[in-house]
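# Structural overview for review
Residue strings, one per chain:
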Protein chains: 2
Amino acid sequence: MASTKTRPAKQAKPLSRIQEVNRKAILDAALEVFATSGFRGATIDEIATRCGMSKPNLLYYFKSKRDIYQQVLEQTLEEWLGPFAAIDPNADPVEELRRYITAKLVMSEKRPEASKLFANEILHGAPVIHGFLETHLRQLVHEKAGVIRQWVSDGKLAPIDPYHLIFTIWATTQHYADFDVQIRAVIGSQAGKPGFYEQAAQAVLSIILNGIRPR
Amino acid sequence: MASTKTRPAKQAKPLSRIQEVNRKAILDAALEVFATSGFRGATIDEIATRCGMSKPNLLYYFKSKRDIYQQVLEQTLEEWLGPFAAIDPNADPVEELRRYITAKLVMSEKRPEASKLFANEILHGAPVIHGFLETHLRQLVHEKAGVIRQWVSDGKLAPIDPYHLIFTIWATTQHYADFDVQIRAVIGSQAGKPGFYEQAAQAVLSIILNGIRPR
DNA sequence: GCGCTGCTTGACCATTTGGTCAAAATGAAC
DNA sequence: GTTCATTTTGACCAAATGGTCAAGCAGCGC
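All values derive from a computational prediction rather than experimental measurement. (Residues numbered from 1 in each chain as written. Chains lettered and ligands numbered in written order. Predicted model: local features only at pLDDT ≥ 70, side-chain atom pairs only at ≥ 80, totals over all residues. Heavy atoms only, no water.)

## Some details on the relation of the copies chain A and chain B
- Least-squares fitting of chain A to chain B yields an RMSD of 0.0 Å, with the superposition described by an axial translation of 0.0 Å and a rotation of 180 degrees. Accordingly, the operation relating the two chain copies is best matched by a two-fold axis. Every residue of chain A has its C-alpha some distance from the rotation axis, and the shortest such distance is that of A:Gly211, at 1.9 Å.
- Taken as a fraction of all interface residues of chain A, those also at the interface in chain B reach 100%, which identifies the copy contact as same-surface. (Least-squares fit on C-alpha atoms with pLDDT ≥ 70 in both. Contact = heavy atoms within 4.5 Å.)

## Brief notes about the protein's contact with DNA strand C
- Inspection of the region around DNA strand C gives 18 residues, with A:Ser16, A:Pro56, A:Tyr60, A:Tyr61 and B:Lys65 positioned closest.
- A:Asn22 places a polar side-chain atom, nitrogen or oxygen, 3.2 Å from a phosphate oxygen of DNA strand C.
- Side-chain polar atom of A:Tyr60 to a phosphate oxygen of DNA strand C: 2.6 Å apart, as the coordinates give it.
- Going through the elements one at a time, helix H1 (17–41) and helix H3 (55–61) of chain A together with helix H3 (55–61) of chain B are the ones with two or more residues in the surface near DNA strand C.
- Within the surface near DNA strand C, the residues separate by chemical class into 8 nonpolar, 7 polar and 3 charged. (Near = heavy atom within 4 Å. Polar contact = N/O pair within 3.5 Å; in protein donor to acceptor, adjacent residues only side chain to side chain. Helix = DSSP H or I, 4+ residues; strand = E, 2+ residues; numbered from the N terminus. Nonpolar A, V, L, I, M, F, W, Y, C, P; charged D, E, K, R; others polar.)

## Topic: the protein's contact with DNA strand D
- Every one of the 18 residues lining DNA strand D counts as a neighbour, but A:Lys65, B:Ser16, B:Asn57, B:Tyr60 and B:Tyr61 are closest to it.
- The contact atoms of DNA strand D, taken as those within 4 Å of the protein, divide so that sugar and phosphate hold 58%.
- Between DNA strand D and A:Ala42, the relevant distance is 3.2 Å, taken from a phosphate oxygen to a main-chain nitrogen or oxygen of the residue.
- At a separation of 3.1 Å, a base nitrogen of DNA strand D approaches a polar side-chain atom of A:Lys55.
- Its residues assigned to classes, the surface near DNA strand D comprises 8 nonpolar, 7 polar and 3 charged.

## Focus: the interface of chain A and chain B
- Contact residues are listed per partner, giving 53 residues for chain A and 53 residues for chain B.
- Approximately 4,800 Å² of surface area, both sides summed, lies buried where chain A meets chain B, with 68% of it carried by carbon and sulfur atoms.
- Linking chain A with chain B are 0 salt bridges, by the criterion used here.
- Listed by contribution, the elements that provide at least two residues to the side of chain A that touches chain B are H1, helix H6 (112–123), helix H7 (130–153), helix H8 (162–178), helix H9 (180–187) and helix H10 (196–212) of chain A.
- Looking at the side of chain A that touches chain B, the element that brings in the most residues is H8(A), giving 12 residues. (Buried area = accessible area lost by both parts, 1.4 Å probe. Salt bridge = Lys/Arg side-chain N within 4 Å of Asp/Glu carboxyl O.)

## Re the domain arrangement of chain A
Residue and element names in this part refer to chain A.
- In terms of domain boundaries, chain A breaks down into domain 1 (17–63) and domain 2 (76–212).
- For domain 1 versus domain 2, the distance between C-alpha centres works out to 29 Å.
- Contact with domain 1, which involves 6 residues of that partner, is made by 7 residues of domain 2.
- Of the roughly 460 Å² buried between domain 1 and domain 2, counting both surfaces, carbon and sulfur atoms make up 75%.
- For the interface between domain 1 and domain 2, the tally reads 0 salt bridges.
- Counting the contacts that link domain 1 with domain 2 gives 0 residue pairs in polar contact (both at pLDDT 80 or more).
- Of the residues contributing to the side of domain 1 that touches domain 2, the split by class is 4 nonpolar, 1 polar and 1 charged. (Domains from an automatic or database assignment.)

Quick look at the structure:
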């Protein structure tokens with residue numbers, strides 16, 4: 001994604017102290033607003049207000065609403081896919097998947113906005129990150145699918161379609177972030193309690209890992 | 001939900017032929033538009049145009065955008081929860097869950113808009129159906145959780161938290177509708193092919209059912 | 001202090017869009 | 001065909017919102 005990191009545009013202008021601070025503040029606020037309201041529902045004004053800034057001032061740093069949105073998305077994407085990219089072909093399959101699933105559940109608990117941001121983007125047809133999905137993500141998934149397929153060949157996992165396994169893991173883990181309102185409504189106060197996510201992790205791991213253990 | 005079915009308001013006015021036709025056309029169009037654009041993104045104009053109607057004419061049948069949205073949501077809810085409500089305590093657990101999961105995957109394939117509509121509503125905090133979630137859905141889930149717990153007690157299923165099992169099933173099955181764009185981008189043309197959903201069903205069933213089979 | 005560059009903003013504009021209304025068209029009953 | 005209720009619409013309004021701009025302000029090197 002992007003050229004280097006979060007530069008405004010071309011020609012690596014050094015990006016002053018105040019710029020760095022303000023751009024970060026904007027992106028942080030934008031993540032929350034976009035995650036809870038979606039792209040259409042979010043307003044520049046709300047993002048601006050949330051970081052104590054006027055609308056024109058915010059537009060001094062980003063040229064449009066779409067621009068902010070895109071950069072938040074790209075920035076969050078790396079972080080979000082980190083644990084997936086880190087899946088190690090040489091580790092023990094079940095342990096490695098346990099690690100990955102746990103990591104994703106922790107992310108869903110700690111940063112649900114990131115998950116919601118993507119969910120919303122994809123739900124509406126991925127207008128902004130469609131290209132990324134078809135190239136980078138596709139390549140990455142293809143690679144990891146190969147790893148899983150190898151594990152299956154080696155008899156270290158039950159025979160399972162790697163792609164659907166990946167989708168199942170994504171679906172279950174992200175569900176806890178994206179649908180937290182529903183979960184909270186259904187199970188009530190327990191959902192907020194400290195041990196809740198550990199309990200969720202245990203259940204999800206139990207289902208998926210036992211579902212794919214060699215037999 | 002709602003008083004009887006889809007009456008405009010109070011006092012069961014018989015609802016003329018033309019009303020019946022038009023209301024249905026509007027609700028059908030609205031489902032699609034709301035599902036793809038979300039509540040904020042949808043416009044009355046688009047819904048109206050899509051069923052060959054003028055905006056004021058549409059507002060003759062429904063008093064506001066919110067009103068249409070709410071009725072589409074309520075109408076689809078019943079249909080969506082049907083298979084869940086139909087889970088039979090007396091059937092064989094593994095077979096019954098296989099039936100349910102399969103039914104949900106079929107729905108995700110045939111009517112992805114319904115799934116997307118809910119996903120969007122919940123993602124944005126369930127402003128409209130929050131009450132429903134906390135009462136009816138909560139009660140229903142509680143009831144079915146009891147069934148699963150009983151199955152576990154009887155040794156017919158591996159020990160698993162009923163709620164998390166339900167969430168896992170919802171997450172995986174609905175993922176195929178809500179994130180279809182991502183799936184298509186990642187695995188390419190295969191996603192459209194006829195056998196794809198059967199393959200998905202097989203993989204999901206394999207993981208979940210083997211994950212909960214008594215051992 | 002001076003001047004210059006970079007940062008900030010009030011005022012403003014254009015577009016979109018939910019919703020209203022009075023008047024016209026249509027259909028049904030007789 | 002006349003009459004009345006139902007249905008349809010063009011024209012319109014008000015609010016929200018993305019985005020612009022010229023002018024003001026602030027920091028900083030000298």
